[in-house]
Amino acid sequence: MRTEQNSADVLAALAGVIESRLPTRGGDPEASYVARLLFKGPDAFLKKIGEEATEVVMAAKDADHGGDKAKIVYEVADLWFHSMIALAHYGLSPADVMAELQRRVGTSGLDEKALRKVKAREAQTPGEKP
């Protein structure tokens, strides 16, 4: 399953293909699945992301009961692919996600969640800035 190509390079290459299918770049919905999803708008690709996320959960549950773990990889690939379509639509890239993951390296997941809760509360609480 592994290739010699760097994972970031694979994501960047795929992102380039997806970006080339954007309507603003002449993506043809009659000739490309990606262009068709982008042409239909966010509801179409966001629905696919939801479907693929559910399929990841189902594949993982199956693996817990003796199912093929390779199906998890297959479904996660579908989820990532459709998520990359959303990233392209919103002018973002896998590099943006990689940067966020890099920012989180070395940070406790519990600390990260607690910090998000504090920031959310601060955003909702009207008050003076220090």
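The coordinates are above.
Let me sum up the structure you'll find in this document. Given the structure is predicted, the values throughout are model-derived calculations rather than measurements.

### Quick look at empty space enclosed by the protein
Moving on, step 1. Counted under the stated rule, the structure contains 1 cavity of 30 Å³ or more.
Moving on, step 2. Estimated volume of the largest cavity: approximately 30 Å³.
Moving on, step 3. In terms of lining, the largest cavity is formed by Ala15, Ile18, Glu19, Met84, Leu87, Ala88, Leu92, Ser93 and Pro94.
Moving on, step 4. Among the secondary structure elements, those contributing two or more residues to the lining of the largest cavity are α1 (7-20) and α4 (70-89).
Moving on, step 5. Residue composition of the lining of the largest cavity, grouped by class: 7 nonpolar, 1 polar and 1 charged.

### Some remarks on the pattern of salt bridges
If the charged atoms of two oppositely charged side chains come close together, the side chains can form a pair.
Moving on, step 1. Applying the stated criterion across every chain, the model contains 4 salt bridges.
Moving on, step 2. Between Glu51 and Lys48 there is a salt bridge, with its nearest N and O atoms 3.4 Å apart. Of this pair, Glu51 and Lys48 both sit in helix α3 (residues 42-64), 3 residues apart, roughly one helical turn.
Moving on, step 3. Judged by its relative accessible area of 29%, Glu51 falls in the partly exposed class.

### Let's talk about the side chain of Glu52
Moving on, step 1. With respect to the secondary-structure elements, Glu52 resides in helix α3.
Moving on, step 2. Among residues more than four places away in sequence, those in contact with Glu52 are Glu75, Asp78, Leu79 and His82.

### Describing a nonpolar patch on the surface
Moving on, step 1. Among the surface-exposed residues, Leu46, Tyr90 and Leu92 lie close enough to one another that they form a single nonpolar patch of about 280 Å² accessible area.
Moving on, step 2. Residue position: Tyr90 is located in the loop between α4 and α5 (94-104).
Moving on, step 3. Judged by its relative accessible area of 47%, Tyr90 falls in the partly exposed class.

### Focus on α3
Moving on, step 1. The end-to-end C-alpha distance of α3 is 33 Å, a good match for the 33 Å that 23 residues give at a rise of 1.5 Å each.
Moving on, step 2. The set of residues buried in α3 consists of Ala44, Phe45, Ile49, Glu52, Val56, Ala59 and Ala63.
Moving on, step 3. Taken together, the buried residues of α3 touch α2 (33-40) and α4.
Moving on, step 4. Phi turns positive one or two residues past the end of α3, at Gly66, with a value near 95 degrees.

### Observations concerning the nonpolar core
Moving on, step 1. Core analysis: the biggest nonpolar cluster contains 16 residues, and Ile18, Val34, Leu37, Leu38, Phe45, Met84 and Ile85 have the highest contact counts within it.
Moving on, step 2. Counting only elements with at least two residues in this core, the list comes to α1, α2, α3 and α4.
Moving on, step 3. Ranked by residues supplied to this core, first place goes to α4 with 5 residues.

### Looking at the packing of aromatic side chains
Moving on, step 1. In the structure shown here, the tally under the stated rule is 1 aromatic pair.
Moving on, step 2. Look at Phe45 and Tyr90: their rings are 6.3 Å apart centre to centre, the planes differ by 80 degrees, and that puts the pair in the edge-to-face class. A residue pair is termed long-range when its members are at least 10 positions apart, and Phe45 in helix α3 and Tyr90 in the loop between α4 and α5 qualify at 45 residues.

### A word on the packing of α1 against α4
Moving on, step 1. Running from N to C, α1 and α4 cross one another at 55 degrees; their axes reach a closest spacing of 10 Å. When the axes of α1 and α4 are compared, the pair comes out oblique. As for the relative orientation of α1 and α4, their crossing is right-handed in sense. Contacts from Leu11, Leu14, Ala15, Ile18 and Glu19 of α1 reach α4 at Trp80, Phe81, Met84, Ile85 and Ala88.

Conventions we followed
- Residues numbered from 1 in each chain as written.
- Predicted model: local features only at pLDDT ≥ 70, side-chain atom pairs only at ≥ 80, totals over all residues.
- Heavy atoms only, no water.
- 1 Å grid on protein atoms, 1.4 Å probe; cavity = no way out; pocket = protein on both sides within 12 Å on 5 of 7 lines; lining within 4 Å.
- Points joined across faces, edges and corners; volume = space filled by probe spheres on them.
- Helix = DSSP H or I, 4+ residues; strand = E, 2+ residues; numbered from the N terminus.
- Nonpolar A, V, L, I, M, F, W, Y, C, P; charged D, E, K, R; others polar.
- Salt bridge = Lys/Arg side-chain N within 4 Å of Asp/Glu carboxyl O.
- Buried < 20%, exposed > 50% of the residue type's maximum accessible area, 1.4 Å probe, protein only.
- Contact = heavy atoms within 4.5 Å.
- Patch = residues over 30% accessible without salt bridge, like charges linked within 9 Å, V, L, I, M, F, W, Y side chains within 5 Å.
- Areas by Shrake-Rupley, 256 points an atom, 1.4 Å probe, with all protein chains shown as cover.
- Expected span 1.5 Å × (residues − 1).
- Core = buried A, V, L, I, M, F, W, Y, C linked by side-chain atoms within 4.5 Å.
- Phe/Tyr/Trp six-rings, centres within 6.5 Å; stacked < 30°, edge-to-face > 60°.
- Axes fitted to C-alpha atoms, helices over the stretch in contact; angles between N-to-C directions.
- Parallel < 35°, antiparallel > 145°, perpendicular 65-115°, else oblique.
- Left-handed = near helix turned anticlockwise from the far one by under 90°.

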